[in-house]
Amino acid sequence: MKAIAIDNDRLEWRDHPSPGSPRANEVLIDVAYAGMNRADLMQRAGAYPPPPGASAILGLEVSGHVHAVGEDVTHLQVGDPVCALLAGGGYAEQVMVPAPQVLPLPENVSLREAAGLPEVFATAWLNLYMEAALKPGERILLHAGASGVGTAVIQLGRALGNPVFVTAGSDAKVEACMRLGADNGWNRHNGSFVTAVLDWGGADMVLDPVGGDYIGLDQQVLRPNGRIVLIGLMGGRQAQLDLGLMLMKRQRLIGSTLRSQPVAVKGDVMDALYETVWPLLAEGEVRPIIDREYPIEKAASAMDYLQSNTSQGKVVLQVDGDA
């Protein structure tokens, strides 16, 4: 098969060993589209190596068709259109995936759209409804609201009764988030978000891919028993906490990554998506937001675009030209 290789920071589409035949609880997928994530940019830069045992090929989510299944796989058949959450290996013509991480496509969702589903919606679900254990009515402060994960969080919050306040890097991005269902928003270039969020009523949880100085600001907007879920370090890995505020308001700071979770946890997340989010997708109440598509051979250009911080939603790579 062909796959993207990293050669002195260059991305090359070239021959690569095929994954082989699936073991008992695995699924081999012919990839149609691969979703691009900031984790891919970090891995390319050498800052985010794959977990032990995972493919070194970039790519954390794909859509495509089942090529073969292991003997213990009962929920999928050869030829089924599917999407899958990966620990790596998506920028390739084929990928082997643990069966619990593979789901049939939701009704009314194309292969192109489905490539932008697994990573962002699984990340959103894990952190909102498992790590932070949000209840209906609790309020979310979401940073990087126009990102792929951000667009999923906004839609889930709207559908499940959790108002969302977003921060984003431009007025246009804030407006796009509000059209998608955000309750309110703030352009981060206008200064601190603290007063605006407090005027909104404060937050019960913060989903923070920034870290750095944002953590101390997050603390200031949390209601009692509030939770900060840290999912990235775009603003740096050093932060200053007010431990007195944390103690008196019973705040919690939770570090969370999806990629390194065991298959059983990822399976639980995918099961929750299938039960709760797949019907919403079928009804059109939520949808994956695709900003731009590139052919797999142009993966480097796609990364440059994602790195520019101008995207609104997901960037996807077309692997199968006939898809």
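Here is what the cut-offs are and how they apply
- Residues numbered from 1 in each chain as written.
- Predicted model: local features only at pLDDT ≥ 70, side-chain atom pairs only at ≥ 80, totals over all residues.
- Heavy atoms only, no water.
- Phe/Tyr/Trp six-rings, centres within 6.5 Å; stacked < 30°, edge-to-face > 60°.
- Helix = DSSP H or I, 4+ residues; strand = E, 2+ residues; numbered from the N terminus.
- Buried < 20%, exposed > 50% of the residue type's maximum accessible area, 1.4 Å probe, protein only.
- Pairing = 2+ DSSP bridges.
- Axes fitted to C-alpha atoms, helices over the stretch in contact; angles between N-to-C directions.
- Contact = heavy atoms within 4.5 Å.
- Core = buried A, V, L, I, M, F, W, Y, C linked by side-chain atoms within 4.5 Å.
- Polar contact = N/O pair within 3.5 Å; in protein donor to acceptor, adjacent residues only side chain to side chain.
- Parallel < 35°, antiparallel > 145°, perpendicular 65-115°, else oblique.
- Nonpolar A, V, L, I, M, F, W, Y, C, P; charged D, E, K, R; others polar.
- Salt bridge = Lys/Arg side-chain N within 4 Å of Asp/Glu carboxyl O.

The tally for this structure, following the rule as stated, stands at four aromatic pairs. On the basis of an interplanar angle of 45 degrees and a centroid distance of 4.8 Å, the ring pair of W125 and Y129 is categorised as tilted. In this pair, W125 and Y129 both sit in helix α3 (residues 118–131), four residues apart, roughly one turn of the helix. On the accessibility criterion, W125 (11% relative accessible area) is buried. Look at Y294 and Y305: their rings are 6.5 Å apart centre to centre, the planes differ by 45 degrees, and that puts the pair in the tilted class.

A few words now on the pairing of strand β3 (residues 26–36). Extensive coverage of β3 is indicated by the burial of 10 of its 11 residues. Inspection of the sheet shows β3 paired to strand β6 (residues 94–98) by five bridges, in the antiparallel sense. Among the inter-strand pairings, V27 is bridged to a residue of β6, identified as V97. In this sheet, strand β4 (residues 61–69) lies alongside β3 in antiparallel orientation, the contact comprising seven bridges. Within β4, the position partnered with V31 by the bridge is G64.

With that settled, the discussion passes to the sheet that holds strand β11 (residues 203–208). Taking strand neighbours across the sheet as the criterion, the six strands line up as β10-β9-β8-β11-β12-β13 in an open arrangement whose pairing is parallel. Because the sheet does not close on itself, it has two edges, and the strands there are β10 (184–187) and β13 (252–255). Each neighbouring strand pair of the sheet contributes to a mean axis angle of 15 degrees, computed without reference to strand direction. With three bridges connecting them, strand β8 (residues 140–142) and β11 associate as parallel partners. Paired with L141 across the two strands is V206, which belongs to β11. Where helix α5 (residues 171–180) meets the sheet, its contacts fall on β9 (164–168) and β10, and the angle it forms with β10 comes to roughly 165 degrees.

To continue, consider the nonpolar core. Counting 51 residues, the largest nonpolar core has F121 and V277 as its most contacted members. Sequence-distant contacts of F121, that is, excluding residues within four places in its chain, are made with A152, Q155, L156, L273, V277, V286, R287 and P288. Residues W13, I29, M36 and L76 belong to the second largest nonpolar core, which totals 35 residues.

Considering the arrangement of structural elements, one finds N187 in strand β10. For N187, a relative accessible area of 9% corresponds to the buried category. Polar contacts involving the side chain of N187 include one to the side chain of D171, which spans 3.1 Å. Within the local environment of N187, its side chain forms a polar contact with the backbone nitrogen of H189, the two atoms lying 2.9 Å apart. Beyond its immediate chain neighbours, meaning those up to four positions away, N187 contacts A168, G169, S170, D171 and V174.

The next thing to look at is the packing of α3 against helix α9 (residues 263–283). Contact geometry of α3 with α9 gives a least axis separation of 10 Å together with a crossing angle of 90 degrees. The pairing of α3 with α9 is recorded here as roughly perpendicular in orientation. In contact with F121, A122, W125, L126 and M130 of α3, α9 contributes V269, A272, L273, T276 and V277. When its residues are assigned to classes, the contact of α3 with α9 shows nine nonpolar, one polar and no charged.

In total, this model carries 12 salt bridges according to the counting rule given. Ionic pairing is found between D7 and R14, a salt bridge with its closest N-O pair at 3.6 Å. In this structure, R223 engages D204 in a salt bridge whose closest nitrogen and oxygen atoms are separated by 3.3 Å. Residue R223 is found in strand β12 (residues 222–230), and its partner D204 is found in strand β11; the two are separated by 19 residues along the sequence. On the accessibility criterion, R223 (31% relative accessible area) is partly exposed. Looking at D204, the relative accessible area reads 8%, which means it is buried. Three or more residues are tied together by salt bridges with common partners; here these are D7, R10, E12 and R14.

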